[in-house]
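Given next are the chains, with one letter for each unit.
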Amino acid sequence: MIDKISRQLKSVAISGWKIKEENVESEEYFFVKDKVDLGRSKKVSKYEVTLYKDFEDKNEKYRGSSVFYISPGMEDAEISEAIEEAFFAAGFVKNPWYPLAPALSRKFCSEEYELSELASEAVGAVFSQSKPVNSWLNSVEIFVIKNRDRILSSEGVDVSLSKYRTYIESIVSSSGREEVELYDQLLLSVPDHERISMRISRLLEMVRERANATATPAVKGVPVILTGEPAKEALRYYLMQSNAHLKYDKISEAELGNSVQSEEAGDRITLEVVPELEGSYYSLPFDNDGLLMKKRKVIENGILNSFWGDIRYSYYIGIEPTGAAMNFSVGEGSLSVEEMRKESHLEVTHFSAVDVDETTGDFGGEIRLGWYFDGSKRIPVTGGSVTGNLKSLDSLYLSRETELNGDYYGPVSLMMKGMKISGE
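Conventions adopted
- Residues numbered from 1 in each chain as written.
- Predicted model: local features only at pLDDT ≥ 70, side-chain atom pairs only at ≥ 80, totals over all residues.
- Heavy atoms only, no water.
- Helix = DSSP H or I, 4+ residues; strand = E, 2+ residues; numbered from the N terminus.
- Rg over C-alpha atoms; globule rule 2.2 N^0.38 Å.
- Contact = heavy atoms within 4.5 Å.
- Areas by Shrake-Rupley, 256 points an atom, 1.4 Å probe, with all protein chains shown as cover.
- Buried < 20%, exposed > 50% of the residue type's maximum accessible area, 1.4 Å probe, protein only.
- Polar contact = N/O pair within 3.5 Å; in protein donor to acceptor, adjacent residues only side chain to side chain.
- Salt bridge = Lys/Arg side-chain N within 4 Å of Asp/Glu carboxyl O.
- Patch = residues over 30% accessible without salt bridge, like charges linked within 9 Å, V, L, I, M, F, W, Y side chains within 5 Å.
- Lys, Arg positive; Asp, Glu negative; His and termini not counted.
- Charge placed at Lys NZ, Arg CZ, Asp CG, Glu CD.

Trainee: Got a minute to help me understand the overall build of the chain in this structure?
Mentor: Helix and strand content of the chain: eight helices and 24 strands. A compact globule built from 424 residues should have a C-alpha radius of gyration of about 22 Å, and the chain, at 24 Å, falls within 12% of that. Seen through its principal axes, the chain has C-alpha atoms that stretch 75 × 55 × 35 Å. Of the contacts formed within the chain by residues at least 6 apart in sequence, a portion of 71% connects residues at least 24 apart. For the chain, the accessible surface area stands at approximately 19,400 Å², while carbon and sulfur atoms represent 46% of it.

As structure tokens, this is what we get:
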């Protein structure tokens, strides 16, 4: 099919084109508690086509683009009509001109597995742990996926890969003061039995804590420790400050050679964009343009060394592109998690949602589960909120302990002073 599409594209006088072929095989299981509600296998193929149209207006060069999709059953006449419509639409998109990814021909292959065996391993890992009293798995979705992707372009790009991905979505429940639930999403490459079973076990313990949690007290002046997903999302702010797209759109105010942090005490951030992290769901050797991606240390000891981004926005701000990398890593900090917990603090692992403004650095979230330590007693809490600004912290410390969490590898926890805790 991809050859049929490319032949038609080559016969039309267009400025450039790109085809992305996606072939997805998956084993999917849906559980209610520990019983299978639905199990299915899927095979899907789809084709995304991008057309480019170059034109000038008032001596300025522009490159318009338009995206459309082709299903495997489409006839030649239908494909031809879709091309004509997309080419017409591209003339209304007035983007400043930018280059396309240069010629590259390479095939990336991973070790081959049987999907059914990987799915069985994932299911076994989820249900391997004994359940704490009054905690249970409410529902679980497990998808084990094999992707076979190929990108072909008018510039001579012909790259392909095979990759496995594992998606586990869990809702756990517990009864205590009230019946409550927690939501979790675990993303991996191939199933990792130990990592999955530990994640589920910890989640069941945490939901039991939440079922017996009291209202978050209104306390002042104590540090806030963010652990797990909230820590990752707070650190993502610094990743986005170094993004070429956000810099071009004037959302990022970061400048090369300047600190992305303020004058807060504590640790200085070192951050890299990383195309491939071992075990990451998001690892890819090339981006959606077919550009071979590069690892780059963009922030070192708090100082912005470089921006990162795809070929279009990198060209706009005059840097060498890294590609649109999906992973980032942050260097470990100076304190252990236990050292962070020695003084009075509020630690939060779950918010209703973590909201970080990419422009201002404003941070906020409503607490679903946390722990307040008053210097002698640690109690689970819920409700209230944490707000503040990442540009005006009194201190920021990163943990020495690190973890892989989706598209992130770095400190498990971070501790901030200067945030406001609103209790109930």
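Next, the rest of the story.
Trainee: Help me understand the environment of D310 in this model?
Mentor: The topology assignment puts D310 in the loop between β13 (303–304) and α7 (311–317). Classification of D310 by relative accessible area gives partly exposed; the value is 22%. Spatially, the C-alpha atoms of D310 and A324 are 4.6 Å apart, while their sequence positions differ by 14 residues. Not counting residues up to four positions away in its chain, the partners in contact with D310 are D287, D289, P321, G323 and A324. At a separation of 3.0 Å, a polar atom in the side chain of D310 contacts the main-chain amide nitrogen of Y313.

Trainee: When you look at the pattern of salt bridges in this model, what are you seeing that I'm missing?
Mentor: Proximity of charged atoms lets side chains of opposite charge pair with each other. The tally for this structure, following the rule as stated, stands at 24 salt bridges. K4 is the salt-bridge partner of D76, the closest N and O atoms lying 3.8 Å from each other. Separated by 72 residues along the polypeptide, D76 in helix α2 (residues 76–90) and K4 in helix α1 (residues 2–10) bring together distant segments of the chain. Salt-bridge contacts for E347 lead to R378; the nearest nitrogen and oxygen are separated by 3.2 Å. Residue E347 is found in strand β15 (residues 345–351), and its partner R378 is found in strand β18 (residues 378–382); the two are separated by 31 residues along the sequence.

Trainee: Looking at this model, I keep getting lost on a negative patch on the surface. Mind explaining?
Mentor: A cluster of acidic residues, E75, E78, E81, E84 and E85, forms a negative patch on the protein surface. Secondary-structure assignment places E84 in helix α2. For E84, a relative accessible area of 55% gives the class exposed.

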